[in-house]
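Observations on chain architecture
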Amino acid sequence: MSPKKQVQAQNSVDYLRISLIDRCNFQCSYCMPIGAEFDYIQTQEMLTNAELLSLLQEVFIPLGFKKFRLTGGEPLLRRGLVDLIAAMTSLSGVEDVSMTTNGYLLEGMARSLYEAGLKRINISLDSLDRDIFRQVTGRDHWQKVWQGILAAHEVGFDPLKLNVVVIPGVNDREVLDLAALSIDRAWHVRFIEFMPIGNTALFEHKGWVDSATLREQIGDHFGLIAANCRGNGPADVFQIPNAKGTLGFISQMSECFCDRCNRIRLSADGWLRPCLLNESGQIDLKTALREGKDPAFLRAIVRELLNLKSEINFKDRDRGTSDRPSYQRTMSQIGG
Ligand SMILES: Nc1nc2c(ncn2[C@@H]2O[C@H](COP(=O)(O)OP(=O)(O)OP(=O)(O)O)[C@@H](O)[C@H]2O)c(=O)[nH]1
Ligand SMILES: C[S@@+](CC[C@H](N)C(=O)[O-])C[C@H]1O[C@@H](n2cnc3c(N)ncnc32)[C@H](O)[C@@H]1O
Ligand code: SF4
Ligand code: SF4
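Parameters and conventions
Residues numbered from 1 in each chain as written. Chains lettered and ligands numbered in written order. Predicted model: local features only at pLDDT ≥ 70, side-chain atom pairs only at ≥ 80, totals over all residues. UniProt positions renumbered as here; feature names shortened; annotations may be inferred. pLDDT = per-residue confidence, 0-100. Contact = placed C-beta atoms within 7 Å. Buried ≥ 20, exposed ≤ 12 C-beta atoms within 10 Å, placed from the backbone. Helix = DSSP H or I, 4+ residues; strand = E, 2+ residues; numbered from the N terminus. Pairing = 2+ DSSP bridges. Right-handed = clockwise from strand over helix to strand, strands pointing away. Near = placed C-beta within 6 Å. Nonpolar A, V, L, I, M, F, W, Y, C, P; charged D, E, K, R; others polar.

Taking an unreviewed UniProt entry as the reference, the chain is identified by name as GTP 3',8-cyclase belonging to Tumidithrix elongata BACA0141. Listed in UniProt under the heading Function (unreviewed entry), the comment for the chain reads: "Catalyzes the cyclization of GTP to (8S)-3',8-cyclo-7,8-dihydroguanosine 5'-triphosphate." The record held by UniProt for the chain lists under Catalytic activity (unreviewed entry) the comment "GTP + AH2 + S-adenosyl-L-methionine = (8S)-3',8-cyclo-7,8-dihydroguanosine 5'-triphosphate + 5'-deoxyadenosine + L-methionine + A + H(+)".

Here the chain averages 91 in pLDDT, and 92% of its residues register 70 or above. Across residues 1-11 the pLDDT falls below 50, and counting only partners more than four positions away or on other chains, this stretch makes eleven contacts in the model. Interface scoring of the predicted complex returns ipTM 0.98; its pTM is 0.94.

Turning next to the pairing of strand E3 (residues 96-101). Residues in a regular strand point their side chains to alternate faces of the sheet. Along E3, five of the six residues are buried, which leaves the element largely enclosed by surrounding structure. Both strand E2 (residues 67-71) and E3 contribute to a ladder of four bridges, which runs parallel. Across the sheet, residue arginine 69 finds its bridge partner in E3, namely serine 98. A crossover connection joins E2 to the parallel E3 through helix H3 (residues 81-89); in handedness this β-α-β unit is right-handed. As paired strands, E3 and strand E4 (residues 120-124) are joined by four bridges and run parallel to one another.

Here the focus is unusual backbone geometry. Of the consecutive residues aspartate 158 and proline 159, the connecting peptide bond is found in the cis state with omega at 5 degrees. Relative to the helices and strands, proline 159 resides in the loop between helix H6 (142-155) and strand E5 (160-166). Phi at asparagine 242 takes a positive value of approximately 70 degrees, unusual for a residue other than glycine.

With that settled, the discussion passes to the site of ligand 1. Around ligand 1 there are 19 residues in total, and Thr100, Asn122, Gly233, Gln252 and Gly336 lie nearest to it. Among the secondary structure elements, those contributing two or more residues to the shell around ligand 1 are E3 and E5. Taken together, the residues of the shell around ligand 1 break down into seven nonpolar, ten polar and two charged.

Next up, the structure:
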């Protein structure tokens, strides 16, 4: 790798996705298949709030990280979450703290999260139909999630994004109805291509729908134009003409957006992972931290990982779905 490329890789990665917990109160079929045995992280193995804040302050912020997304598992299950967010948002150098959630506990928490400084929220909503929602998430909680979305809207979360993983024969019939949510509300509905992580058997059984097909379907019905805004992430953003909100397409199966990858991931037990889709180059920050290693040492190992990231990014992208490596960690453990 040329030194120029190394500097580029280091400079452009400023977004850390933090999995706060690997447990979840839902069991989405694409993420945590029924019957699978999960090796949950023991409480004492999880980074504490104090350890997390110290890693941000001593390691990630000095290395140029500015954006932090809290995910899981279900991040709203994390103890002390509101205090953690308040502490994160008050750290000098933190520009943006956001969250991805299933929304089940949101109705009661939206206001305190917002007041703690969380301003951006992405909520998973795979269906508008209660029965299909139950089929996908394993829970009869559509109404409660919808109430959570409305509460987040009410409190002022902006942008408010809704995530839909499209599964053929399950919720693909609802694409137009879900897209229509963006017409009268300034919400951002994003269609995510189903990935073979979490439930590879379902993936092989159902397959996936590519974003181009969805755009054609939506375009034929409502019309579709490119939106003149970009997110922080991998979504390609479009809009139904005159709609208040937008439509995003996250196309990790049909496209490779690794060349604009700006992120790395920290698991609830402190493993730092350079790429969602492969397990190369991970480092165990928690053990180093608990052994009392100097912050300068921690920064040096993270810097080294950042230098390797651009080589790791493209690894495994060209393999077919059947020849993909089996992952040690599922999406609920990595945080998506
Ligand atoms: N392959 C790949 N997929 C990603 C990456 N980041 C997000 N995704 C996919 O996008 C989905 C939605 O991500 P979100 O957690 O909502 O976050 P985001 O869209 O990256 O966040 P913002 O753009 O900051 O709102 C994830 O579940 C993944 O399926 C990435 O770096 N690589
Ligand atoms: C792992 S979840 C964690 C946060 C929270 N529990 C939620 O569901 O929003 C983060 C995102 O990953 C997505 N996801 C999980 N498994 C996936 C898969 N196999 N393919 C594509 N996206 C997936 C979910 O839809 C969700 O938007
Ligand atoms: S996608 Fe989110 S809500 Fe669904 S099982 Fe995975 S972690 Fe839980
Ligand atoms: S697959 Fe890896 S390198 Fe590519 S965008 Fe996702 S996290 Fe980044």
